[in-house]
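Spelled out, the chains give:
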Amino acid sequence: MRQTWRWFGPRDLVSVDDMRQAGVEGVVTALHHVPAGAVWEPAEIARRQDEIGRMSDGRPSGLAWEVAESLPVSEDIKRQTGAWREHIANYRTSLKNLAAAGIKVVCYNFMPVLDWTRTDLAWRLPHGGTCMRFDFADFAAFDIHILKRPGAVGDFPGEVVEEAARRFAGMDEERQAKLARNVAFGLPGAAEHLTLEGLRAHLKAYGAISPDQLRSHFIAFLEEVAPTAEEAGIRLCCHPDDPPFPLLGLPRIMSTEADYAAMIKAVDTPANGITLCSGSLGARPDNDLPGMMRRLGGRVHFLHLRNVRREGKAVAGSFYEDEHLAGGTDMVALVAEVLKEEARRKASGRADHSIPMRPDHGQDILDDLKRQAQPGYPAIGRLKGLAELRGIMTALSHPQYGLAP
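Calculation notes
- Residues numbered from 1 in each chain as written.
- Predicted model: local features only at pLDDT ≥ 70, side-chain atom pairs only at ≥ 80, totals over all residues.
- Heavy atoms only, no water.
- Helix = DSSP H or I, 4+ residues; strand = E, 2+ residues; numbered from the N terminus.
- Rg over C-alpha atoms; globule rule 2.2 N^0.38 Å.
- Buried < 20%, exposed > 50% of the residue type's maximum accessible area, 1.4 Å probe, protein only.
- Expected span 1.5 Å × (residues − 1).
- Contact = heavy atoms within 4.5 Å.
- Polar contact = N/O pair within 3.5 Å; in protein donor to acceptor, adjacent residues only side chain to side chain.
- Axes fitted to C-alpha atoms, helices over the stretch in contact; angles between N-to-C directions.
- Parallel < 35°, antiparallel > 145°, perpendicular 65-115°, else oblique.
- Nonpolar A, V, L, I, M, F, W, Y, C, P; charged D, E, K, R; others polar.
- Salt bridge = Lys/Arg side-chain N within 4 Å of Asp/Glu carboxyl O.
- Disulfide = S-S within 2.5 Å.
- Pairing = 2+ DSSP bridges.
- Right-handed = clockwise from strand over helix to strand, strands pointing away.
- Phe/Tyr/Trp six-rings, centres within 6.5 Å; stacked < 30°, edge-to-face > 60°.

K.L.:
Any chance you could break down the overall build of the protein chain for me, citing the residues and the numbers?
P.N.:
If you tally the helices and strands in the protein chain, you get 15 helices and 12 strands. Relative to the compact-globule value of 22 Å for 405 residues, the protein chain shows a C-alpha radius of gyration of 20 Å, a close match. Once the C-alpha set of the protein chain is aligned to its principal axes, its extents read approximately 60 × 50 × 45 Å. By residue count, 56% of the 405 residues in the protein chain fall in the buried class.

Structure follows, in structure tokens:
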């Protein structure tokens with residue numbers, strides 16, 4: 001596996017120097033300042049490559065931009081409204097521009113409105129560190145009592161509705177505002193941060209779009225952009241829903257193995273692939289991550305390795321970001337399947353036999369608590385996760401196990 005690290009650009013409190021000291025091999029980043037639907041111009045791509053290529057003292061970092069995450073799909077494309085055809089044309093141009101710059105892996109998602117959702121961005125752990133958490137009852141309190149979405153009550157079990165009412169009754173205005181900010185935080189570094197009114201407007205714009213209709217729009221998008229990616233030598237990889245169950249009355253169509261299998265079948269080209277995020281998919285008890293890697297591994301173009309601890313057995317429920325070797329996913333079994341897939345690729349002569357991965361959503365520990373970087377992306381917490389993953393990779397790649405590609 002190729003060890004990469006997500007970076008949010010020059011304003012990221014985890015610097016290029018930090019990445020270099022962490023020993024990563026490549027960088028995952030995006031042009032977060034460019035609005036969804038606009039073209040990623042060659043000059044902007046080159047500017048970001050230059051920023052990655054230099055350390056703070058001007059010396060070469062030895063690092064390069066290897067994965068684009070994310071080249072965002074606009075809400076117009078997802079809804080097929082407004083300027084959606086222009087946005088698809090711009091997306092194809094951006095893919096060509098990335099390929100011309102040597103960037104051949106592009107991660108994206110097809111989640112309506114929000115890229116990920118948490119209710120707490122710094123939940124205190126017993127060891128004194130913090131992590132991100134999704135609390136189902138807190139989310140219900142937000143949806144029903146703060147956002148006041150019509151029909152929200154019917155989307156939650158009765159006991160959750162009752163608990164949400166109790167919690168909301170105990171919230172002062174500051175706590176309500178903080179919960180709303182956390183839920184609407186979306187992707188850190190994104191060009192747009194949603195307000196409550198903005199969120200309501202987005203929900204209204206989706207209207208009665210069903211999961212089947214959204215899936216149809218997704219396939220139409222892939223039919224347009226996958227041939228461009230194939231021609232340019234780019235591997236597109238769709239990130240799963242996070243969390244992988246419906247929220248805010250919006251459809252979710254990339255939450256299970258069946259969803260990915262249907263996507264691959266609908267647009268069956270090697271460029272149409274998967275970002276296997278063990279944390280997002282692992283938030284559902286019915287997702288088998290090692291099995292997914294074994295069955296769909298030929299289309300896995302990018303890996304997000306993290307672990308979550310589910311707090312119940314229901315498909316939709318509370319969870320928090322656990323340590324990389326804890327949580328509900330058997331990380332050793334998953335990495336073993338990745339290494340087997342890499343060995344198969346190498347034996348068959350595939351140029352992409354080394355799959356890029358990054359340690360995702362680390363806990364804030366030690367000096368992370370003072371640095372206060374992007375939620376989920378601390379320096380030391382991710383370095384700890386990367387070190388643990390390296391340990392698994394090193395052990396399983398030992399010749400006696402036969403997993404080395």
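K.L.:
Which residues make up helix H13 (residues 331–348), and what are the values?
P.N.:
Between its first and last C-alpha atoms H13 spans 26 Å; for 18 residues at 1.5 Å apiece the expected length is 26 Å, and the two agree. Among the residues of H13, Met331, Leu334, Val335, Ala336, Glu337, Val338, Leu339, Glu341, Glu342 and Arg345 are the ones counted as buried. In this fold, the buried residues of H13 make contact with strand S8 (272–277), helix H11 (278–282), helix H12 (289–296), strand S9 (300–305), strand S10 (307–310) and helix H15 (379–396). A side-chain oxygen of the first residue of H13 lies 3.3 Å from the backbone nitrogen of Val332; this N-cap is Asp330. The first or second residue beyond H13 is Gly349, which carries a positive phi of 85 degrees.

K.L.:
Can you lay out the packing of helix H5 (residues 136–146) against helix H7 (residues 173–183) for me, pointing to particular residues and giving the numbers?
P.N.:
Packing of H5 against H7 brings their axes to within 10 Å, and their N-to-C directions diverge by 105 degrees. When the axes of H5 and H7 are compared, the pair comes out roughly perpendicular. Every residue of H7 that contacts H5 at Asp138, Phe139, Phe142 and Ile146 is listed here: Arg175, Gln176, Leu179, Ala180 and Val183. Tallied by class, residues from the contact of H5 with H7 come to 6 nonpolar, 1 polar and 2 charged.

K.L.:
Requested: an account of the pattern of salt bridges, with residues and values cited.
P.N.:
Inspection of every chain in the model, using the stated rule, returns 42 salt bridges. For the salt bridge of Asp57 with Arg59, the shortest nitrogen-to-oxygen distance reads 2.7 Å. What makes Arg59 partly exposed here is its relative accessible area of 49%. The closest approach of N and O atoms between Arg344 and Glu341, which form a salt bridge, is 3.1 Å.

K.L.:
Any chance you could break down the state of the cysteines for me, citing the residues and the numbers?
P.N.:
For the structure on display, the rule yields 0 disulfides. With no disulfide of its own, Cys131 lies closest to Cys277 among cysteine sulfurs, the gap being 15 Å. Cys238 takes part in no disulfide bond, and the closest cysteine sulfur, belonging to Cys107, lies 7.8 Å away. Given the relative accessible area of 0%, Cys238 is considered buried.

K.L.:
So what's going on with the pairing of strand S1 (residues 2–6)? Residues and values would help.
P.N.:
In terms of residue burial, S1 counts as a mostly covered element, since 4 of its 5 residues are buried. Across 2 bridges, the pairing between S1 and strand S12 (residues 356–359) is parallel. Pairing of Gln3 across the sheet is with Met357, part of S12. Pairing geometry for S1 and strand S2 (residues 26–29), over 3 bridges, is parallel. Looking at S2, one finds that Arg6 is bridged to Val28. Regarding topology, helix H1 (residues 16–22) serves as the crossover connection from S1 to the parallel S2, and that connection is right-handed.

K.L.:
Which residues make up the sheet that holds strand S11 (residues 319–322), and what are the values?
P.N.:
With antiparallel pairing, the 4 strands of this open sheet are ordered in space as S5-S6-S11-S10. Of all strands in the sheet, those bounded by a partner on one side alone are strand S5 (120–124) and S10. In this sheet, adjacent strand axes meet at a mean angle of 40 degrees when their direction is disregarded. Where S10 lies against S11, 4 bridges are found, and the strand directions are antiparallel. Residue Val308 lies in a different strand from S11, and its bridge partner there is Glu321.

K.L.:
Which residues make up the packing of aromatic side chains, and what values go with them?
P.N.:
Tallied over the entire structure, the rule returns 17 aromatic pairs. Between Tyr91 and Phe221, the ring centres sit 5.1 Å apart and the planes meet at 85 degrees, which makes this aromatic pair edge-to-face. In this pair, Tyr91 is assigned in helix H4 (residues 84–100) and Phe221 in helix H9 (residues 211–232), connecting sequence segments 130 residues apart. Consider the rings of Phe139 and Phe142, whose centres lie 6.2 Å apart with planes at 45 degrees: the pair is tilted. Taken together, the residues Phe139 and Phe142, both in helix H5 and 3 residues apart, mark about one turn of the helix. Here Phe139 and Phe142 have matching classes, each one buried.

K.L.:
Please set out unusual backbone geometry residue by residue, giving values where relevant.
P.N.:
Residue Glu69 is joined to Ser70 through a cis peptide bond whose omega torsion reads 0 degrees. Here Ser70 is to be found in the loop between strand S3 (65–69) and helix H3 (75–79). Of note, the amide linkage connecting Asp242 to Pro243 takes the cis form, showing an omega dihedral of 0 degrees. Inspection of the secondary structure puts Pro243 in the loop between strand S7 (235–239) and helix H10 (257–266). Of note in this structure, Leu248 is not a glycine but carries a positive phi near 55 degrees. Located in the positive-phi region is Leu366, a residue other than glycine, with phi close to 50 degrees. Assignment of secondary structure puts Leu366 in the loop between S12 and helix H14 (368–371).

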